[in-house]
Amino acid sequence: MTSPVLPGLDQFIRDLPKVELHVHHVGSASPRIVSELAARHPGTVPSDLDELRRFYEFRDFAHFIEVYLAVVALIRTPDDVYYLTHEVAREMATEQQLRYAELTCTPFTSVRPDDPSLGMPIEAYTEAIEAARLDAERDFGLVLRWVYDIPGEFGLPSAEATLTYAVDHRPEGLVAFGLGGPEVGVPRAQFTEVFDAARAAGLHSVPHAGRRPGPRRSGSRCVSSGPSASATAPRPRRTPRCSPTSPRPAHRWRCAPRPTSPPGPWPVSPSTRSPPSATRAWSSRSAPTTRRCSPRR
Ligand SMILES: [Zn+2]
């Protein structure tokens, strides 16, 4: 849509340099990027762009979740992580004139500590996003920073694992610690100590809030209160309130809501319900065999 009042206003806005403080990693994948990933891992998501656009036509909320998780499942290797990140950065910089972005990532769903055969070591994940971050700044002039998000529906084990990824395997670009997923049935108080530890490690606290039906209220207050322990100058942070954006394929997904139960096919195994010390073992798998993350094109 163009402005009837000020011709050229739309182009002016398009060309303005911008900052994006809340956007999701996998949720930012455009049809072009998903198509490439689907071609790499055929089976559930079509790689043909026309078929993909039809695939993205959400019938309802449950179908939106189904589609989102199908795309999440395409991120299987460190090279997939690199490709997704670098290409998202390319589109942010060249199509939206972004100059700085804080990308919310969920390493837990890529590491898959509950089933190592399906996930990748955290070392490989970290190397991939950091390589993409450095290359994005070199290639596009876009400064990327990370927010590590707990998938709340996986409970405290996922929080402790994400804390381990943030503290023991901290990527240089990590600036904040977050929490997503449904608030109904997932009490926020259980995450308080994890957020205390994240703040003590110098990370900003940016839990999601408002992912519940009815009047808005912050169920995340218990984890968002308290001063930031960041070594950098404190700054006010908005608590993101998320909803899916337009289902039109040309639009990015933001803040994709998560289902009220752990998305299949992997349940959280009893073995993951262990104390924080045990969670560190999840990330101690050996690094991949000299896998290099590099652009494919
Ligand atoms: Zn969000």
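Structure's up top.
Given the structure is predicted, the values throughout are model-derived calculations rather than measurements.

Novice: Would you mind showing me how to read the overall build of the chain here?
Specialist: Along its length, the chain carries 11 helices and five strands. Out of the 297 residues in the chain, the part that is buried amounts to 38%. If you take every contact in the chain between residues at least 6 apart in sequence, the share linking residues at least 24 apart comes to 77%.

Novice: Looking at this model, I keep getting lost on unusual backbone geometry. Mind explaining?
Specialist: In most cases, non-glycine residues show a negative phi, while peptide bonds are predominantly trans. Even without glycine at this site, glutamine 97 takes up a positive phi of about 60°. Inspection of the secondary structure puts glutamine 97 in the loop between α5 (78–96) and β2 (98–105). Judged by the 14 C-beta atoms lying within 10 Å of it, glutamine 97 is partly exposed. In this structure, arginine 112 takes a positive phi of about 50° despite not being glycine. With respect to the secondary-structure elements, arginine 112 resides in the loop between α6 (108–111) and α7 (122–140). Looking at arginine 112, the number of C-beta atoms within 10 Å reads 16, which means it is partly exposed.

Novice: Sorry if this is basic, but what is going on with the sheet that holds strand β3 (residues 143–151) here?
Specialist: Neighbouring strands of a sheet are bound in pairs by backbone hydrogen bonds; such pairs are parallel or else antiparallel. Strand order across the open sheet formed by five strands is β1-β2-β3-β4-β5, with parallel pairing between neighbours. Either end of the sheet is taken by a strand with one partner, and the two such strands are β1 (18–24) and β5 (204–205). One ladder, built from five bridges, connects β1 with β2; its direction is parallel. Of the residues in β2, the one forming a bridge with lysine 18 is leucine 98. Relative to β3, helix α8 (residues 156–167) is tilted by about 155°, and along the sheet it contacts β3 and β4 (174–180).

Novice: Would you mind showing me how to read α8 here?
Specialist: Given 3.6 residues per helical turn, the α-helix brings residues three or four places apart onto the same face. Its 12 residues give α8 an end-to-end C-alpha distance of 16 Å, which sits within 8% of 16 Å, the value for a rise of 1.5 Å per residue. The buried fraction of α8 amounts to 11 of the 12 residues, a majority that puts the element mostly inside the structure. Looking only at α8, the buried set comprises Leu156, Pro157, Ser158, Ala159, Glu160, Ala161, Thr162, Leu163, Thr164, Tyr165 and Ala166.

Novice: How should the pairing of β4 be read in this particular structure?
Specialist: For a regular strand, the rule is simple: side chains alternate between the two faces of the sheet. For β4, the tally of buried residues reaches six of seven residues, placing the bulk of the element in the interior. Here β3 runs beside β4; their pairing, made up of six bridges, is parallel. By the bridge assignment for β4, valine 147 is matched with alanine 176. As a crossover connection, the stretch from β3 through α8 into β4 is right-handed. In this fold, β4 hands off to helix α9 (residues 192–200), which returns the chain to β5; that crossover is right-handed.

Novice: Teacher, can you tell me more about the environment of arginine 170 here?
Specialist: For arginine 170, the position within the fold is in the loop between α8 and β4. Take arginine 170: there are 16 C-beta atoms within 10 Å of it, and that puts it in the partly exposed class.

Novice: It is not clear to me how the packing of α8 against α9 should be interpreted in this structure. Could you clarify?
Specialist: Two elements in contact, α8 and α9, have axes whose closest approach is 10 Å; the angle formed by their N-to-C orientations is 5°. As the angle between them shows, α8 and α9 are arranged roughly parallel. Seen from α8, the contacting residues are Ala159, Glu160, Leu163 and Ala166; seen from α9, they are Val194, Ala197 and Ala198. Its residues assigned to classes, the contact of α8 with α9 comprises six nonpolar, no polar and one charged.

Novice: Explain the nonpolar core here, please?
Specialist: Membership of the largest hydrophobic core comes to 59 residues, with the highest contact counts inside it found for Val71, Leu84, Ala89, Tyr125, Leu142, Tyr148 and Ala166. When residues of this core are assigned to their parent elements, the largest contribution, eight residues, is made by α5. Setting aside its immediate chain neighbours within four residues, leucine 142 contacts Ala89, Met92, Ala93, Leu98, Arg99, Ala101, Ala136 and Glu137.

Novice: Is there a simple way to think about the environment of alanine 176 in this case?
Specialist: By the element assignment, alanine 176 lies in strand β4. In this structure alanine 176 comes out as buried when scored by C-beta crowding, with 24 C-beta atoms within 10 Å. The spatial distance from the C-alpha of alanine 176 to the C-alpha of glycine 202 is 8.3 Å, given a sequence separation of 26 residues. Residues contacting alanine 176, with those up to four places away along its chain left out, are Glu102, Val147, Leu203, His204 and Val206.

What counts, and at which threshold
- Residues numbered from 1 in each chain as written.
- Predicted model: local features only at pLDDT ≥ 70, side-chain atom pairs only at ≥ 80, totals over all residues.
- Helix = DSSP H or I, 4+ residues; strand = E, 2+ residues; numbered from the N terminus.
- Buried ≥ 20, exposed ≤ 12 C-beta atoms within 10 Å, placed from the backbone.
- Contact = placed C-beta atoms within 7 Å.
- Pairing = 2+ DSSP bridges.
- Axes fitted to C-alpha atoms, helices over the stretch in contact; angles between N-to-C directions.
- Expected span 1.5 Å × (residues − 1).
- Right-handed = clockwise from strand over helix to strand, strands pointing away.
- Parallel < 35°, antiparallel > 145°, perpendicular 65-115°, else oblique.
- Nonpolar A, V, L, I, M, F, W, Y, C, P; charged D, E, K, R; others polar.
- Core = buried A, V, L, I, M, F, W, Y, C linked by C-beta atoms within 7 Å.

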